Structure formats: C-alpha cells, structure tokens
Amino acid sequence: HAPGVKLVALFSPEHGIRGGGDERVPSTTDAATGLPIYSLYGDTLRPTDAMLAGLDVLVFDIQDAGVRFYTYITTMGYTMEAAASHHLAFYVLDRPNPLGGEVIEGPMLDRDRTNFVGYFPMPVRMAMTLGEMAQMFNTEDKIGVDLHVIRMRNWRRRDWFEDTGLPWVNPSPNLHSAKVEILYPGLEILQAGGVSVGRGTDNPFERLGAPWIHSAEFVNYMNRRSIPGVRFVRDQFMPNSGLYKGALCEGARVVVTNRASLRTMRMGIEIAAALAKLYPGKFDTAKMIE
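Only a predicted model underlies this, so the values are computations on that prediction, with no experimental measurement involved.

Caption draft 1: Examining helix α6 (residues 215-224) more closely. Restricting attention to buried positions, one finds in α6 the residues Ser-215, Phe-218, Val-219, Tyr-221 and Met-222. Burial along α6 is one-sided: seen end-on, the buried residues are contained in an arc of 165°. Summarising the contacts, the buried residues of α6 are in contact with β7 (207-210), β8 (230-237), β9 (249-256) and α7 (264-278). Directly beyond the C-terminal end of α6, a positive phi value near 55° is found at Ser-226.

Caption draft 2: Examining the sheet that holds strand β1 (residues 10-12) more closely. In space, the three strands of this open sheet follow the order β1-β3-β2, with mixed pairing throughout. With partners counted over all chains shown, the strands left at the sheet margins are β1 and β2 (28-29), one partner each. Sheet analysis places β2 next to strand β3 (residues 36-39), joined by two bridges and oriented antiparallel. When the bridges of β3 are listed, Thr-29 appears paired with Pro-36.

Caption draft 3: Structural context of unusual backbone geometry. Positive phi is not limited to glycine here, since Phe-205 has a value of about 65°. Locating Phe-205 in the fold gives a position in the loop between α5 (184-188) and β7. In the Ramachandran plot, Ser-226 falls in the positive-phi region, its phi being about 55° despite a non-glycine side chain. Looking at the element boundaries, Ser-226 is found in the loop between α6 and β8.

Caption draft 4: View of the sheet that holds strand β5 (residues 89-93). In spatial order, the strands read β4-β5-β6; together these three strands make up an open sheet with parallel pairing. At either margin of the open sheet sits one strand with a lone partner, and together these are β4 (57-60) and β6 (146-150). If you compare each strand with its neighbour and ignore which way they point, the axes differ by 20° on average. Relative to β6, β5 runs parallel, the two being bridged by five bridges. If you follow Val-92 over to β6, its bridge partner there is Val-149. Contacting β4 and β5, helix α2 (residues 72-85) runs over the sheet at an angle of about 170° to β4.

Reading the values: the criteria
Residues numbered from 1 in each chain as written. Predicted model: local features only at pLDDT ≥ 70, side-chain atom pairs only at ≥ 80, totals over all residues. Heavy atoms only, no water. Buried < 20%, exposed > 50% of the residue type's maximum accessible area, 1.4 Å probe, protein only. Helix = DSSP H or I, 4+ residues; strand = E, 2+ residues; numbered from the N terminus. Arc of directions from axis to C-beta. Contact = heavy atoms within 4.5 Å. Pairing = 2+ DSSP bridges. Axes fitted to C-alpha atoms, helices over the stretch in contact; angles between N-to-C directions.

Laid out in structure tokens, this is it:
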C-alpha cells in the first residue's frame, strides 16, 4: 500500500514465505495477493534472470536468528549479488539481532569454507544486524550494489529481542521462542556429531540426547563443569522426526539460569568434549567442522 510502489513478486528463503517449511520449498502463488512467490530454497538458491525481469528494486525484510549458519544471511548476500548484476537498487529493512549486539562468540569461518551455511568469514555469533552485515558484504566482498539500509529506531546494542517490545514470529519451525535463541547456536553445532537436539519434539534446542547417552552420568558430568549461566537436568524423549526418529533418547534438558553470563558457544564445545570423553566412538567431533 506504499504510495508510488507496485509490488509485483515475492521471494522466499529457507522455511518458506511464512517460516513454516522444513524441507526444500517450491515456487508458488501467494494466496493473499495472487503474486508469484519465487523460492530461493528450491530449484535455485539465487534469483534467476527471469525472476528479476522487469523489477526496479529488491527489498529484504526478514527476521534473522543472529547466527552465522542461519541461511537467511546467505540469501541476503546472494540476492545482493543478483541485484548488483541487474543494476537494481537493494533495500534492507533492518531488524534487531535477537541475541543482542554486544557479545561475539565462536571461531571465524575460513574464507575457503564459505558456502550456503556460511556466506562470509565471521564468527558464529556475530552481534550484527542484517543491515550492518549488508553494508559489510557490499564493501568487503565488493558487491557494488546500490544499497539502502532503513535503520531501526530506538534499538540499543544491549537489547535482547524481548526488550524491543516486538512480537516474536518464529523464523523457522524449530525456533519457537526468543528464549530458545540463546541456546540455539551452541546446541545446533552438536547435531552433525550424532546427537538429537530436540528436533521432532516439543522442545527443540532446549535438550539433547541419543540412544547411547546415559542421562544421569552425562548430567552429573556436565553440572560438575560449572558452565556459567546454565545447568543440566535429566531428560528422556522420542523424536517424531529428524535424527533418531522413533528411538528413545536419553540426555539432558538445558536450563538457562543467567542469560547474561552464558556463552553458548563455550557451552556447545563443553558438551561436545563431554560426549567424546564419555562415549568414545559414538560422538564424532570431526563432523562438527565439516
């Protein structure tokens, strides 16, 4: 409804236009507007020439998760590159980083390992907004797009998402709340090593487990590590999808006791080290960095 603007197409990232999908997403038609929805997580990850034909401007208006491997960042980078090659203006409607803008964690991504889950060499938890990242990508990668960032009002770098007063809308099916966001980066890195992180249960990214974990042993070990801001309680669950679907898993529920002192990437590495020590041959730490 903006004056002087005609909306002619929509583009959807991973999880679809409304954040509810968990597989590849086909292009389709939007029921509300009748406009085409071009999927950038289906047959292509980048806008094609046909998708961009006749457009003047691309507008990126998506809530990010504040974590390097969340693919909305890459979709922004790819669409910036496409806009530059087609001489289109690119507008970013900036949104808060749900993890705040102060704490930076995790290793830098090596430049030769950039891919769809790692667009640019930066830490796992980068404490930047999408608008700030767009400016960095445009300058450091020399994309050269006609970039315009519409800045937020009243956002402070120390703000967590709930401090903004904005409603939480799930950016993906497994990120159910703002409180889960702090645990997400530290637990997500464990899945590749061979544990369930609660996908397919009512509490994704608040628990971890596997059929080969002994809950009491693991919880006692982790609590003795005295990781600041978090404690572990015994847990048992059976995922209805994802890793270990239909299998009974033992493990731990992760309880945040002090979000300000929690360093979630340290927590993830502590958990990985514990699993490798307690269950040799079961947890594959090498797969965490592939």
